[in-house]
Amino acid sequence: MKKLLALLLIVSMFSSMVVFAAAPFDVPVPEFTALKTDTTGANTLTGSIKGKDIITNSYFSDIKNTYGHESIVRMAALGVIKQYGDKKYYPSSKATGYDIIGMLVRMRGNEAAVMQRVYNLAGSSTTPARLKTLMDQEYLVEAQTLGIVNATEVLNLGQPATKETLAVWTARAIGLAPIFNQQTVFTYSDWASVNPIYRSLIEDMTTNGIIPLKNDGTFAPKENVTRGELAVILAAALETQYAARTITSGFGLVIGVKPETIYNNGDTVKRNTITVKNTDGTVTNLVSETHSKGNQQFDYVTHKNGIVSNNGNLKLGDEIEYVTLAGALQYVQVIDNNLILEKIAANSEADLYTTFHYGTLVDINSKTQYKNGTTVVTEIYRVVDITGDVFDILVDEDLYTGLREDVITYKENEVGGVHLLEIGDVMEYLVNEDREIIYIKVAPLDKTTLSGTVREITPLSADGPATMTIYGYDDKVYQLPLAPYANLRINDRVTDINNFVYGMPVDVEISNGYIILVEGESFSGEPGYIPKYGKMRMGDIVTVYQNTFSVKLNDGTTEFYDIDQTTQFTKDGNVVTKDALKSGMAVKVYFDNISTLGASKVEIEAPELLFEIIYKGKIKNVNGARKEIQIIGSDGVSKPEYISNNDWLPAESYSINLKTDDKTEYYAGNQKLTMTELERNYSGYQLYAVVKKVFGQPTVVRLSVKTGGEMMYSSTVRTVDHTLGSFDISTKENFNITDGTIVIKDGLVVPSSQLKARDTVFVVSESPMGAYDKNAMVVKVVTPYDNIFDKIRIGAVETVNPSNITFRNYTQYTNNFLNAVNPNETGYYKFYTDSKIVDITDPTKIKTIKPADFWHDSYARSENVDTTYNSATPGLQFERYYAFMVVNEADSAIVAMHLRHKGLLPGQNFDDTLYKESDIGTKLEETFTGAVLSRGIVTSDDTTWDRLEITDSHDWTDYTGQWTANKSNIFVKYTDAIVIKNNRVIDVEDIQMGDYIYVMRIKENALVIFVQ
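Computed from a predicted structure; not experimentally measured.

Trainee: Describe the overall build of the chain, with residues and values.
Mentor: When helices and strands are counted, the chain shows 14 helices and 63 strands. By the burial criterion, 51% of the 1012 residues in the chain qualify as buried. For the chain, the proportion of contacts with a sequence separation of at least 24, taken over those separated by at least 6, is 61%. In the structure as shown, the chain presents an accessible area of about 46200 Å², 50% of it carried by carbon and sulfur atoms.

Trainee: Summarise unusual backbone geometry; cite the residues concerned and give the values.
Mentor: Even without a glycine there, the phi angle at Ala220 is positive, about 60°. Structurally, Ala220 can be placed in the loop between α8 (199-207) and α9 (227-239). Using a relative accessible area of 10% as the deciding quantity, one classes Ala220 as buried. Phi is positive for Asn295, which is not a glycine, with a value near 50°. Within the fold, Asn295 resides in the loop between β5 (283-291) and β6 (297-298).

Trainee: Hey, could you go over the pairing of strand β25 (residues 548-553) for me, with residue numbers and the actual values?
Mentor: With five bridges connecting them, strand β24 (residues 535-544) and β25 associate as antiparallel partners. Along β25, the bridge assignment pairs Gly539 with Leu553. Linking β24 to β25, which pair antiparallel, is a turn of three residues. As consecutive antiparallel partners, β25 and strand β26 (residues 558-562) are separated by four residues, and within that stretch Gly556 has a phi angle of approximately 95°, a positive value.

Trainee: Can you explain α8? Please cite residues and give values.
Mentor: Of all nine residues making up α8, seven are buried, and the element is well covered by its neighbours. Against the buried residues of α8 lie α7 (163-173). Following α8 by one or two positions, Gly209 has its phi on the positive side, about 80°.

Trainee: Can you break down the packing of helix α3 (residues 69-77) against α9 residue by residue, with the values?
Mentor: At a closest axis distance of 8 Å, the pairing of α3 and α9 adopts a crossing angle of 60°. Taken as axis vectors, α3 and α9 run oblique relative to one another. Crossing geometry of α3 relative to α9 is assigned as left-handed. Of the residues in α9, those touching α3 at Ser71, Ile72 and Met75 are Gly228, Ala231, Val232, Leu234, Ala235 and Leu238.

Trainee: A description of the environment of Ala483 should follow, citing residues and the corresponding values.
Mentor: Counting through the fold element by element, Ala483 comes out in strand β20 (residues 477-490). Along the backbone, Ala483 and Tyr514 are 31 residues apart, and their C-alpha atoms lie at a distance of 5.4 Å. In this structure Ala483 touches Tyr514, Ile515 and Ile516, once residues within four positions along its chain are discounted.

Trainee: How would you explain the pattern of salt bridges if you had to name every residue and give the values?
Mentor: Within this structure, the stated rule accounts for 35 salt bridges. Across the pair Glu111 and Lys82 runs a salt bridge whose closest N-O atoms are separated by 3.7 Å. Of this pair, Glu111 sits in helix α5 (residues 111-121) while Lys82 sits in the loop between α3 and α4 (97-107), and the two are 29 residues apart along the sequence. Looking at Glu111, the relative accessible area reads 22%, which means it is partly exposed. Relative accessible area serves as the criterion here: at 30%, Lys82 is assigned to the partly exposed category. As a salt-bridge pair, Arg172 and Glu153 come within 2.8 Å of each other at their nearest N and O atoms. On the criterion of sequence distance, the pair formed by Arg172 in helix α7 and Glu153 in the loop between α6 (128-145) and α7 is long-range, its members being 19 residues apart. One salt-bridge network, held together by shared partners, links Glu798, Arg808, Glu825 and Arg861.

Trainee: Please provide a residue-by-residue account of the nonpolar core, values included.
Mentor: Counting residues in each nonpolar core, the largest one holds 61 residues, and the members touching the most others are Ile81, Ile101 and Met107. Once residues lying within four places of it in the same chain are set aside, the contact partners of Met107 are Val80, Ala173, Ile174, Leu234, Ala237, Leu238 and Arg245. Counting 36 residues, the second largest nonpolar core, distinct from the first, contains Ala796, Val821, Leu876 and Trp963.

Trainee: Break down the confidence of the model for the chain for me, with residues and values.
Mentor: Scored by pLDDT, the chain has a mean of 84; 89% of the residues are at 70 or more. Confidence over residues 1-22 falls short of pLDDT 50; this stretch has 39 contacts with residues more than four positions distant or in other chains. For residues 524-528, every residue scores under 50 in pLDDT, and the model assigns this stretch 13 contacts once sequence neighbours within four places are set aside.

Reading guide: rules and limits
Residues numbered from 1 in each chain as written. Predicted model: local features only at pLDDT ≥ 70, side-chain atom pairs only at ≥ 80, totals over all residues. Heavy atoms only, no water. Helix = DSSP H or I, 4+ residues; strand = E, 2+ residues; numbered from the N terminus. Buried < 20%, exposed > 50% of the residue type's maximum accessible area, 1.4 Å probe, protein only. Contact = heavy atoms within 4.5 Å. Areas by Shrake-Rupley, 256 points an atom, 1.4 Å probe, with all protein chains shown as cover. Pairing = 2+ DSSP bridges. Axes fitted to C-alpha atoms, helices over the stretch in contact; angles between N-to-C directions. Parallel < 35°, antiparallel > 145°, perpendicular 65-115°, else oblique. Left-handed = near helix turned anticlockwise from the far one by under 90°. Salt bridge = Lys/Arg side-chain N within 4 Å of Asp/Glu carboxyl O. Core = buried A, V, L, I, M, F, W, Y, C linked by side-chain atoms within 4.5 Å. pLDDT = per-residue confidence, 0-100.

This is the structure we're talking about:
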């Protein structure tokens, strides 16, 4: 039942509140009653016999509105903190070593032993100054006996103590032991300045919430602490010692206040009983008494609205926490932050059949009836739920006993019964499985949204509801409770709260302070990378510079971030170089500090975010509820079309349903549209839509409506004027760049600002009716060159050393141009244990060589002597190995290398046919006349012939210095190819259909394939 209602609530929360006509009171509707309160088995707690002294000790004249004032009063009530004379605590003064030691000893409950020794040592002539010295000394002796302070830490105790010292002494006082683990990761950023033997202790103290870190994530071990800060830390530390000190605490709501005077054998007793309904449904009576005999006063400290007083401070409806020591009531704190409400809700939510309702009070009535032998007045509060269902809330009052079964009601910061309610109130109410209302909270359905990254998740517990801590993109931290019916989704799939990990980006909707919807995204990489007090940003790269790059964030703003040699770049979980950053790529940018713009890590999103296809068709239907746009052929009877090899080809179906999401952009020229405007104003118009895969679902990224005649052009950009929003091409055609212009560059959707002179482009344009100008609708861009091929080296192996090799007669690419063969010897190319070295001489016996064995095998020129060499006959003295390889340009390290004996390609036997070694360069030059650079999208893999089919492909043309579009699909043979992705070797089987690849080939034979 709860799940069904929760589902209804989820759907309803996204609709506007609807006013329903309520049924007449004589029509039966489902009824809810007040939660029954049983006071017969109430527990009783009595104030301390030293109540008057405790109250006096807990009053300080100088702590109002200071940091830690509540902790100061609490610790004083529990005997940990003492006054420093004149009823003052001096909360802003620095705490000395003696201050800390005295409080820690008292926190352990050992003050009596100390005072007994001081009493024995002091005499009638002891001055106050001498008495303080004696007390400091004996507190120190006791601290050493308890193991809180060791012999090396007794100097300068009268001076302000450091936070590191406080942390270590407090840790010892509560029984923490240091854990020495070299793998420990410290959450405080300045751990290096902490004494190594104390680091793990301080880690425990901070992660357990006993000592808070500063806002910048540092611990500041050498800073001093104030007495106010000391009180807060000790209050947190004492909570860990409740069982050992026989301290207990409870939370509840004051539901009764009963003052009375009792006469007992000449003793006049003034008693005040505070009845508390606890968060677990039980009842506790808090009793204070003043006796005329012996002038005894059993009382406790109360702290309410910053005022310290006795039991008389408590009123009906107060939310309180009460604390006992050794069975005696010592302290009561009145809470003003709805904590008790949350605890009541949490205890109730733990029951599977407890359900939240939201509704509007539409009518109030009452009736008098005879029930169970007595006359009862029943008040009826009729509510229309947001689901449209009608319910009655019944409250009975016994006219004979005066007992009223009321509902705890919160309204406008006031707590009371249902009499607070008025017709028209919008309220939240919690109902248990017995159809009893646990509480009512009047609060309109105020919805807000928040975007950020997950910091912490706490599950549902007896202490409160499940919570999610989010670091917002406004650089603020939010901790919010989750409604029990909250809709939780990751990658658009329903999930559990435990799957939201630290660092995951989320968008949440909040209603009345509760999270009702969480939508998270999880890509490849490390969703939990963000360090504590760091931050993360998500968006698409706009521009990449030498030391900075700009990112368009999801909210539409653009920010610039700094990068340096320490910045890490990853893609698909692998480390890559800065060269992998390209305009249009979706990235996550991580920062170690919330105040910095220096990126510590840039994670490039998975390749499935590349654009998939560009469609053209006529809008037939727009379905906003399903977020779908149905298109048909442009003439209304044909099939929709898509771009392939710079031409429009018909799709397989006569209609296509295009999915959209919240990030889809809709344009008509420079006018940005909503989906509703698209439906109302442009139904029947033609559109261009670029589609990419989002979590495996083809989704429209950008859509542009066509309002004029279409033309297509293939050429090179001559000039671009981004200020005026125009560009022209070599054929002297000029185009306007509108906000709706779709620009695809190297397989990515990019801003129009990335269009540059000398770019090779395919332009689809329109001429709006009544205008001579042409608007660029779709621009497919291929960059003039890409330095990805600069990593290739080709040549003959000269020397092989234990960790490096050299080439002779070698060449390489520079900006897509292959350099002339150099006959000299190269510098050293290093190889490591992960370098992939393969001998492909014999296709039936492909040999992978371990780098450790490479030097020992015979691959150097000098190790391959032809014993039959004769200078008068064909054949060289040395039968060398020829190689092509990919290197890491940062350190000239070999990523992968393929070797073949006597020739670069299959069937070549240079060393058996040449007369002079100087002819090797000539033969290689002849081979390279067939070298081609290609790029495009993989559309099929013919495993029978080891061939990849590439569509939308371009070949590099040396004499124009441009990429030239192919008119049809091309095929490349990958039998001997090195395949590289993210700067590491992958198998050809790992290439996916739709991958964008760059190929260096000789005729059809690919030597190197780079996968974007």
